[in-house]
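Each chain is listed here by its residues.
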Amino acid sequence: MDLSPSPEDSAIADAVRSFVEREVLPHEPVVLQRAAAGGPDDLTPEELRSLQDKARESGLWGVATPEEYGGAGLSKLTQTLIAVELGRTFLQFYFGGTAFDSLFLLNDSQKQKYLYPCLSGELRACFAMSEPGGGSDARGIRTTAERDGDHWVINGEKLWISHGNDADFAITFARTAAEGASGGITAFLVDRSMGWTSSPYPVMGSYKVAQLSFRDVRVPDANVIGQVGEGFQTVALASFHANRIVMTAGMAGAMERLLEMAVTWSENRVTFGEPLAQRENVRWMIADGEVACRATKLLCLHAASLYDAGTEFRHAANSAKLFGARAACQVADDVLQIHGAMGYAKELPVERFYRDLRVNRIYEGTDEMQRLAISRDLFKRHVKVGQLW
Ligand SMILES: Cc1cc2nc3c(=O)[nH]c(=O)nc-3n(C[C@H](O)[C@H](O)[C@H](O)COP(=O)(O)OP(=O)(O)OC[C@H]3O[C@@H](n4cnc5c(N)ncnc54)[C@H](O)[C@@H]3O)c2cc1C
């Protein structure tokens, strides 16, 4: 197994790194300053769009989108390398021309109305699964959809929905227990104009999440995604595991950046007549972080290569996510410690990374859900202990 990038992959990763350094990183101090003054704490939609347009001119567009939809058709391995580079900034920058994986499952007329406008940036979607009553137990959702002629009537509450306050439509999961063969959960495309409302829900990091309310929201039958009752198995699970590879690669990028900052800081900060870099405790924290960063990258590249080979990759993806999320939080904590009070100040990106990385242990499956899945694979003998291939 050769995990080294091809010359093409290296060229793409280099192009992304230089784009991030040249165009995205200069926004960081501006955003930190204006956030400290009470302004927007991330790229505004206009800033994001302008950066995406610039990236498109350099050929960086649709990096996670198949060629048949106008995307770059890149392998998961290449997407993983790209995600490492994007993770080096705390700003939530992503290339244009991408859409939720679930939207690629739509039928042709649904694709015209929802997928293509998302790829072109005309429409924004959100993924509405979690509820106030629970997120890990996704099969236990309480939002209901009842059939009424050729429509469905949706009632319920969704919570923690990323970008839910800006979305034009929601990929909404609701219980249709009496209908369909298995699972009893159906996925719907629900336009905001059909009547759901949203309000922001403040959280620790800079993520923008919202609470969504559905009160007798009428949705036409034509807006069911796939089969009635099959939403959990075919729509939700379709993207969960593959997402974990790329998001964990982003955490490796964050660790890289933080550790570089720690090296520079500890070389320059002198206490009791010596640079911090001479202190054993500081060097050990940096060494442990370096190993964690390398291990996270390798776990991601391994999972991505299994995915690209069309073989079972979920155990590998879950392992990467569990390890990477915990490692990234530890690295952020150590790097903040090395910076002392300046690590805690809002002037440097360290405290921002510290707050933003924490959510990786919660969303897209908590640490505990990864552990349950990993151990289940072992007890059911789906995977042998330590088996890589
Ligand atoms: C910033 C952010 C963005 C998000 N974006 C989205 C989004 O776009 N769409 C969406 O649908 N959801 C989203 N979520 C929700 C996220 O997926 C859930 O928060 C997550 O699934 C956990 O659910 P919960 O918060 O209800 O915790 P709970 O399920 O209530 O769990 C609480 C704790 O108990 C543990 N636990 C639960 N069950 C077990 C068990 N059986 N055994 C052992 N431990 C257990 C959990 O691991 C966790 O530590 C987002 C959350 C955040 C914070």
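What counts, and at which threshold
- Residues numbered from 1 in each chain as written.
- Predicted model: local features only at pLDDT ≥ 70, side-chain atom pairs only at ≥ 80, totals over all residues.
- Heavy atoms only, no water.
- Helix = DSSP H or I, 4+ residues; strand = E, 2+ residues; numbered from the N terminus.
- Rg over C-alpha atoms; globule rule 2.2 N^0.38 Å.
- Buried < 20%, exposed > 50% of the residue type's maximum accessible area, 1.4 Å probe, protein only.
- Contact = heavy atoms within 4.5 Å.
- Areas by Shrake-Rupley, 256 points an atom, 1.4 Å probe, with all protein chains shown as cover.
- Lys, Arg positive; Asp, Glu negative; His and termini not counted.
- Charge placed at Lys NZ, Arg CZ, Asp CG, Glu CD.
- Near = heavy atom within 4 Å.
- Polar contact = N/O pair within 3.5 Å; in protein donor to acceptor, adjacent residues only side chain to side chain.
- Nonpolar A, V, L, I, M, F, W, Y, C, P; charged D, E, K, R; others polar.
- Salt bridge = Lys/Arg side-chain N within 4 Å of Asp/Glu carboxyl O.
- Disulfide = S-S within 2.5 Å.
- Axes fitted to C-alpha atoms, helices over the stretch in contact; angles between N-to-C directions.
- Parallel < 35°, antiparallel > 145°, perpendicular 65-115°, else oblique.
- Left-handed = near helix turned anticlockwise from the far one by under 90°.

(A) Examining the overall build of the protein more closely. Looking only at helices and strands, the protein has eleven helices and ten strands in total. Relative to the 2.2 N^0.38 estimate, which gives 21 Å for 389 residues, the radius of gyration of the protein is 22 Å and therefore close to what a compact globule would have. Within the protein, the proportion of its 389 residues that are buried is 48%. Taking all contacts inside the protein whose residues are at least 6 apart in sequence as the whole, residues at least 24 apart take part in 74%. A total accessible area of about 18800 Å² is found for the protein, and carbon and sulfur atoms account for 54% of it. Across the protein, the mean location of the 40 positive side-chain charges is 5 Å away from that of the 50 negative side-chain charges.

(B) Representation of the site of the ligand within the structure. In the vicinity of the ligand there are 18 residues, among which Ser130, Gly135, Ser136, Thr366 and Glu368 approach most closely. A distance of 2.8 Å is found between a nitrogen atom of the ligand and a backbone nitrogen or oxygen belonging to Trp160. In isolation the ligand exposes 960 Å². Once the protein is present, 65% of that is buried. Elements that contribute at least two residues to the shell around the ligand include exactly β3 (151-162) and α11 (367-379). Residue composition of the shell around the ligand, grouped by class: eleven nonpolar, six polar and one charged.

(C) Main features of the pattern of salt bridges. A complete count under the given rule lists 24 salt bridges for this structure. Between Arg294 and Glu290 there is a salt bridge, with the nearest N and O atoms lying 3.2 Å from each other. Taken as a pair, Arg294 and Glu290 lie in helix α7 (residues 280-308) at a separation of four residues, close to a single helical turn. Residue classification places Glu290 among the partly exposed positions, given a relative accessible area of 37%.

(D) Seen up close, the state of the cysteines. Applying the stated criterion across every chain yields a total of zero disulfides. Here Cys300 stays unpaired: no disulfide links it, and the sulfur of Cys293, its closest cysteine neighbor, is 9.9 Å away. The exposure class assigned to Cys300 is buried, which follows from its relative accessible area of 1%. A disulfide-free cysteine, Cys329 has its sulfur positioned 14 Å from the sulfur of Cys293, the nearest such atom.

(E) Molecular detail of the packing of helix α1 (residues 7-24) against helix α4 (residues 76-86). Two elements in contact, α1 and α4, have axes separated by 9 Å at closest approach and are oriented at 20°. In terms of orientation, α1 and α4 fall into the roughly parallel class. The interaxial crossing formed by α1 with α4 has right-handed handedness. Residues Asp9, Ile12, Ala13, Val16, Arg17 and Val20 of α1 touch α4, and the partners they reach there are Leu77, Thr78, Leu81, Ile82, Glu85 and Leu86. Residue composition of the contact of α1 with α4, grouped by class: eight nonpolar, one polar and three charged.

(F) Representation of the packing of helix α6 (residues 231-268) against α7. Two elements in contact, α6 and α7, have axes separated by 9 Å at closest approach and are oriented at 155°. Taken as axis vectors, α6 and α7 run roughly antiparallel relative to one another. The chirality of how α6 crosses α7 is left-handed. Within the contact between the two elements, α6 uses Ala242, Ile245, Thr248, Ala249, Ala252, Met255, Glu256, Leu259, Ala262, Val263 and Ser266 and α7 uses Val282, Ile286, Gly289, Glu290, Ala292, Cys293, Thr296, Lys297, Cys300, Ala303, Ala304 and Tyr307.

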